[in-house]
Amino acid sequence: MGAKWIKISIFYLLLVFAFGLFMHYTIQLQWKATHAHIGVVGWLTTGFIGLVYSIFKDAAETGLAKAQFWLYNIGLPFLLIGMMMVYLDVPRWLFELFVSGGGIAVALSVLLFFINIYQNVKSTS
């Protein structure tokens, strides 16, 4: 499971650089919050979860880990797309649905990660 998380994080690393270049060359700096979320939530957090699951393989194979994986990786694209909709001509209810739905899914997945780590990561000493 850890390797899947790390591979997905590399996608977000590429995306954050491409999005940053887009912002630079078009001088559209209003996207800075979305850019930061792609980098921190997409690349860093996803990669960190992958490292944790690579080290603690028992925790990575639980039902909590699988549920967390799907909630996070379905929710995050919705959150990011919703954040981009804020500056586009879409109805408010639509971007709120994307931001809220995606954000809640990501938040729930982080809660599952927290529970999983505290239940399944044991001290080696």
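A short tour of the structure in this document, coming up.

Conventions and cut-offs
- Residues numbered from 1 in each chain as written.
- Predicted model: local features only at pLDDT ≥ 70, side-chain atom pairs only at ≥ 80, totals over all residues.
- Heavy atoms only, no water.
- Patch = residues over 30% accessible without salt bridge, like charges linked within 9 Å, V, L, I, M, F, W, Y side chains within 5 Å.
- Areas by Shrake-Rupley, 256 points an atom, 1.4 Å probe, with all protein chains shown as cover.
- Salt bridge = Lys/Arg side-chain N within 4 Å of Asp/Glu carboxyl O.
- Helix = DSSP H or I, 4+ residues; strand = E, 2+ residues; numbered from the N terminus.
- Polar contact = N/O pair within 3.5 Å; in protein donor to acceptor, adjacent residues only side chain to side chain.
- Contact = heavy atoms within 4.5 Å.

**Structural notes on a nonpolar patch on the surface**
Here comes step 1: Together, I10, L14, V40, W43 and L44 line one region of the surface with nonpolar side chains, adding up to about 460 Å² of accessible area.
Here comes step 2: Elements represented by at least two residues in the nonpolar patch include exactly α1 (2-26) and α2 (32-55).
Here comes step 3: Considering each element in turn, the nonpolar patch owes the most residues, three residues, to α2.
Here comes step 4: On the secondary structure map, L44 appears in helix α2.

**A look at the side chain of N116**
Here comes step 1: Topologically, N116 is positioned in helix α5 (residues 92-120).
Here comes step 2: In this structure the side chain of N116 is engaged in a polar contact, spanning 2.5 Å, whose partner is the side chain of N120.
Here comes step 3: Each residue touching N116, except ones within four places of it in the same chain, is listed here: Y53, A59, T62, L64, A65 and V121.

Honestly, that's just the spatial picture; any functional story needs more than this.
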